Amino acid sequence: MDSNRNDLDALLKETRQFEASEKFKGNAIVRDRSIYDEASKNRLTFWESWAENLKWREKWHTILEWKPPYAKWFLGGKLNVSENCLDRHLEAGRSDKMALIWEGENGDSRSYTYRDLHAEVCKLANSLKSLGVKKGDRVVIYLPMIPEAAIAMLACARIGAPHSVVFGGFSPQSLVDRINDLKAVCLITADGGYRRGGVVPLKTNADKALDSCPTVKKVIVVARLGQPTEEFSADMEIGRDHWYHELIGEAEPHCTPEIMDAEDLLFVLYTSGTTGKPKGIVHTTGGYLTQVTATTKCVFDLQEDDVYWCTADVGWITGHSYIVYGPMSNGASVLMYEGAPDWPDKGRFWEICQKYKVSIFYTAPTAIRAFMKWGDDWVQKYDLSSLRLLGTVGEPINPEAWIWYHRVIGKERCPIVDTWWQTETGAIMITSLPAVTETRPGSAGEAFPGICTALLNDEGEAVSAGLLAITEPWPSMLRTIYGDDERYESTYWSKWEGIYFAGDGAKIDEDGFLSILGRVDDVLNTAGHRIGTMEVESALVDHPAVAEAAVVGKFDEVKGQAIAAFVTLKENWQADDGLVMELRDHVAKKIGAIARPDSIVLTADLPKTRSGKIMRRLLKDIAEGKALGDTTTLADPSVVQGLKEQYLSKES
Ligand code: WT7
């Protein structure tokens, strides 16, 4: 343990020295902090100047109306997001510039110039209209990572139909919950998608879901697999289901964008919270587009000839803001990849970087740790000299992974931006700016210009290590939780008066650099995905054998956190390995494979306080093999001792 610590300290010292050297300074660091100065002088006019870079059909009369906790940005302004992401670039002479370059898992590829992408989006927008989808109608998108996913989002934006993308790995039940919460009228899906050589049966899942979704009248199906196979034939329901290619084959490549109010709904994206029910995070039009545009430009120091690759799935906020809206609003060339990083082999990402001369690469720490484990040889085979900037997002990056990323991928040449933000914030909030500030392993940096953060204790006093708070409204902030203002107020705004509670712990050093320490609520982060412990618990309790369940995150070298469940059974159920497997599968079936518990311990009792509250903190200690914390509030201390012994015997 200690010798590891020394190695790490030495590495950190070396990296800091390297950053301070002339070579590094000459490469990227200019340290012209005028952007911070400008924003701190007047953050409203700072954001206004970014909004002015966009195309508006009508100008706003008020920059911000703040009636805590409800914000409206650029009041009275009118614009269309797809016009900003497409038409604006045609007008600016970028018609022939690559907009979207796509690599399929099986090596096929497609690319779209801004002219092509504009035409495709218009055709789908017209098709949606021909099916009766109108401004304000909600459309759910359930697609693999294929160009049609981005096209569908932009087409919805074009006709003013708010979209909600559901990650392709989610189960039929998760799809039902989201569709019904939104009362969506249309679903855009595919016959299937490819993942690690296998097929994800999206249409089959969708059909299962649609039986319970009375509001959906129209389904558009992309033929990704093409030839129906016996197992995955897309059964098309006449009148309801339409092939994508048949629809757009008849559609006009021009579609007048719907003029939207700055505060009109752009999309709803569901994310896990501390209850069993995911929250529909509401994002609107003008402020969202302004902040994703500004952050993409500044954080990635975006240049005209960059090839930009963010490895997220469009089913998450990262895919919304940093594959589609941010980069395309900036007219960037965006790479999109369908498959897994280890398919057909563990060099796939680097092969793609070499093939398309990727210059900006944005990924998650969990992926970096996996690459690290797979070994440097997979990387060394490829020419990565086109890379100039690296990014990370989704969870704290441990210094070992940071240093590896810096050395092996970035060849000590590329700055690393560690970007903190959330589904709720819509866009990057804390980051370093490669052209301005220093980057440091283990620190996300400073608040983006125009963003006001603080570290507070429960009483709202400023501290150097505490709860991460955002003290002023920001343009891309969530506006509410869909259909649930009350939950919006209690989740984010009830801790302190008029201040946003992010749910993360953080610390700040003497130079003002922030380090995010992780969630302080019952939300886990497993392989960069956010899962509520309660969601997994509800899925477990849904199984007839389960009486009670408690779920905690336990440290995992690659995933950051693994999902550990403790379950008590109803009478007459036999505790055995078969049942454990069945319960793990049950959760995957209810929510999706990302929520499958890594371990389940069947136990006679769970540790509870005298008032009957499960003490998850102690379960976490047990799962991580740590000494038990304070047990004095337990109703029956013997429960936890027995559980610990049982856990240790299982693990060994
Ligand atoms: C949570 C938000 C933002 C897109 C991906 C996740 C954690 C995010 C960082 C970072 C440390 C991070 C936080 C946050 N997180 N970025 N750079 N360093 N932690 O979006 O699913 O809404 O999750 O991810 O805990 O609250 P999300």
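Residues numbered from 1 in each chain as written. Predicted model: local features only at pLDDT ≥ 70, side-chain atom pairs only at ≥ 80, totals over all residues. Heavy atoms only, no water.

Student: Would you mind going over the nonpolar core in detail, with residue names and values included?
Tutor: In this structure, Leu117, Leu128, Leu187, Phe300, Tyr325 and Leu540 are the most contacted members of the largest nonpolar core, which totals 161 residues. Broken down by element, the residue count for this core peaks at 10 residues, all from helix H7 (residues 147–159). If near-sequence neighbours (up to four positions away) are discounted, Tyr325 is found in contact with Val81, Cys85, Met153, Leu154, Ala157, His163, Leu266, Phe267, Tyr288, Leu289, Val292 and His320. Counting 30 residues, the second largest nonpolar core, distinct from the first, contains Cys353, Ala367, Ile397 and Ile416. (Core = buried A, V, L, I, M, F, W, Y, C linked by side-chain atoms within 4.5 Å. Buried < 20%, exposed > 50% of the residue type's maximum accessible area, 1.4 Å probe, protein only. Helix = DSSP H or I, 4+ residues; strand = E, 2+ residues; numbered from the N terminus. Contact = heavy atoms within 4.5 Å.)

Student: Please set out helix H8 (residues 172–182) residue by residue, giving values where relevant.
Tutor: Of the residues making up H8, those classed as buried are Pro172, Ser174, Leu175, Val176, Arg178, Ile179 and Leu182. Considering only its buried residues, H8 is in contact with strand E6 (139–142), strand E7 (163–165), strand E8 (186–190), helix H9 (202–210), strand E14 (265–271) and helix H19 (577–590). Following H8 by one or two positions, Lys183 has its phi on the positive side, about 50°.

Student: Give me the site of the ligand: which residues, what numbers.
Tutor: In the neighbourhood of the ligand, 17 residues make up the surrounding shell, with Asp418, Thr419, Thr423, Asp504 and Arg530 lying closest. Contact distances for the ligand include 2.7 Å between a nitrogen atom and a side-chain N or O atom of Asp418. Thr423 places a side-chain nitrogen or oxygen 2.5 Å from an oxygen atom of the ligand. With the chains in place, 94% of the 560 Å² that the ligand exposes on its own is no longer accessible. Put simply, the parts of the chain that give the shell around the ligand at least two residues each are helix H12 (317–329), strand E20 (416–419) and strand E26 (514–519). Residues that form the shell around the ligand fall into these classes: six nonpolar, six polar and five charged. (Near = heavy atom within 4 Å. Polar contact = N/O pair within 3.5 Å; in protein donor to acceptor, adjacent residues only side chain to side chain. Areas by Shrake-Rupley, 256 points an atom, 1.4 Å probe, with all protein chains shown as cover. Nonpolar A, V, L, I, M, F, W, Y, C, P; charged D, E, K, R; others polar.)

Student: Give me the lowdown on the sheet that holds strand E5 (residues 109–113), citing residues and values where you can.
Tutor: In spatial order, the strands read E5-E4-E17-E16-E18-E19-E20; together these seven strands make up an open sheet with mixed pairing. Two strands in the sheet have a free side with no partner beyond their single neighbour: E5 and E20. With strand direction ignored, the average angle separating the axes of adjacent strands in the sheet is 15°. Pairing of strand E19 (residues 389–393) with E20, which is carried by four bridges, proceeds in the parallel orientation. (Pairing = 2+ DSSP bridges. Axes fitted to C-alpha atoms, helices over the stretch in contact; angles between N-to-C directions.)

Student: Talk me through the environment of Ser34; I want residue IDs and the actual numbers.
Tutor: Considering the arrangement of structural elements, one finds Ser34 in helix H3 (residues 34–41). Taking the C-alpha atoms as reference points, Ser34 and Val436, 402 residues apart in sequence, are found 9.0 Å from one another. For Ser34, the side chain forms a polar contact with the side chain of Asp32, separated by 3.0 Å.

Student: So, the packing of helix H6 (residues 114–130) against H7: which residues are in play, and what are the values?
Tutor: Closest axis-to-axis distance for the H6/H7 pair is 8 Å, and the angle between their directions is 60°. It follows that H6 is oblique to H7 by the angle criterion. Our pair here, H6 against H7, has a crossing hand that is right-handed. Side by side, H6 and H7 meet where Leu117, His118, Glu120, Val121, Cys122, Leu124, Ala125, Leu128 and Lys129 of the first sit next to Ile151, Ala152, Leu154, Ala155, Cys156, Arg158 and Ile159 of the second. Grouping the constituent residues of the contact of H6 with H7 by class yields 12 nonpolar, one polar and three charged. (Parallel < 35°, antiparallel > 145°, perpendicular 65-115°, else oblique. Left-handed = near helix turned anticlockwise from the far one by under 90°.)

Student: Account for the sheet that holds strand E23 (residues 453–456), naming residues and giving values.
Tutor: Pairing is antiparallel in the open sheet, where four strands are placed in the order E23-E24-E25-E26. The open sheet has two edge strands with one neighbour each: E23 and E26. Averaged over all pairs of adjacent strands, the angle between their axes in this sheet comes to 45°, without regard to strand direction.

Student: Can you break down unusual backbone geometry residue by residue, with the values?
Tutor: In this structure, the amide linkage connecting Pro68 to the following residue, Pro69, adopts the cis form with an omega of 0°. Relative to the helices and strands, Pro69 is located in the loop between strand E1 (62–67) and strand E2 (70–75). Residues Trp343 and Pro344 are joined by a peptide bond in cis, for which omega reads -5°. Locating Pro344 in the fold gives a position in the loop between strand E17 (333–337) and helix H13 (348–356). Of note in this structure, Lys183 is not a glycine but carries a positive phi near 50°. The backbone of Asp301 sits at a positive phi, close to 45°, despite the residue not being glycine. Note that Asp301 resides in the loop between helix H11 (286–299) and strand E16 (307–310). We classify Asp301 as partly exposed; its relative accessible area is 23%.

Student: Break down the pairing of strand E27 (residues 523–526) for me, citing the residues and quoting the values.
Tutor: In E27, alternate side chains face the same way, and those of Val523 and Asn525 on one face and Leu524 and Thr526 on the other are all buried. In the sheet, E27 pairs with strand E28 (residues 529–532) via four bridges, with the strands oriented antiparallel. Counted as the bridge partner of Thr526 is His529 from E28.

Student: Tell me about the state of the cysteines, and please be specific about residues and values.
Tutor: Enumeration over the complete set of coordinates arrives at zero disulfides. Distance from the sulfur of Cys452, which forms no disulfide, to the nearest cysteine sulfur (Cys298) is 16 Å. (Disulfide = S-S within 2.5 Å.)

Student: Residue-level account of the pattern of salt bridges, with values.
Tutor: Throughout the structure, instances matching the rule amount to 46 salt bridges. Of the charged contacts in the structure, one is a salt bridge between Arg240 and Asp241, with a shortest N-O distance of 2.6 Å. Residue Arg240 shares its accessibility class with Asp241, and that shared class is buried. Across the pair Asp301 and Arg388 runs a salt bridge whose closest N-O atoms are separated by 3.7 Å. With Asp301 in the loop between H11 and E16 and Arg388 in the loop between helix H15 (377–380) and E19, the pair connects residues that are 87 residues apart, well separated along the chain. Classification of Arg388 as partly exposed rests on a relative accessible area of 27%. Residues joined by salt bridges that share partners form a network here, namely Lys203, Asp207, Glu237, Arg240 and Asp241. (Salt bridge = Lys/Arg side-chain N within 4 Å of Asp/Glu carboxyl O.)

Student: Give me H3: which residues, what numbers.
Tutor: Buried residues of H3: Ile35, Tyr36 and Ala39, and no others. Angularly, the buried residues of H3 cover 100° about the axis, an arc narrow enough to put them on a single face. Against the buried residues of H3 lie helix H4 (43–51), H11, strand E21 (430–431) and strand E22 (446–447). (Arc of directions from axis to C-beta.)

Student: A description of the confidence of the model for the chain should follow, citing residues and the corresponding values.
Tutor: Segments scoring low in pLDDT should not have their predicted coordinates read at a detailed level. When pLDDT is averaged along the chain, the result is 92, and 94% of the positions lie at 70 or above. Within the chain, the lowest mean pLDDT, 43, falls on helix H2 (residues 22–27), and the highest, 99, falls on H7. Counted against residues more than four places away or in other chains, residues 20–30, with its pLDDT under 50, gives 18 contacts. (pLDDT = per-residue confidence, 0-100.)

Student: Can you break down the packing of aromatic side chains residue by residue, with the values?
Tutor: For the structure shown, the criterion picks out 36 aromatic pairs. Seen in terms of ring centroids, Tyr70 and Tyr488 are 5.3 Å apart; in terms of plane orientation they differ by 40°. Their pairing is tilted. On the criterion of sequence distance, the pair formed by Tyr70 in strand E2 and Tyr488 in helix H17 (residues 485–492) is long-range, its members being 418 residues apart. Taking the relative accessible area as the measure of exposure, Tyr488 reaches 0% and is therefore buried. Put simply, the rings of Trp66, Tyr70, Trp474, Tyr488, Tyr492, Trp493 and Tyr500 touch in pairs and so form one group of aromatic residues. Seen from the ring of Trp374, Lys346 lies directly overhead, with NZ or CZ sitting 5.7 Å from the centre. If you follow Arg440 out to its NZ or CZ, it ends over the ring of Phe513, 3.9 Å from the centre. (Phe/Tyr/Trp six-rings, centres within 6.5 Å; stacked < 30°, edge-to-face > 60°. Lys NZ or Arg CZ within 6 Å of the ring centre and 35° of its normal.)

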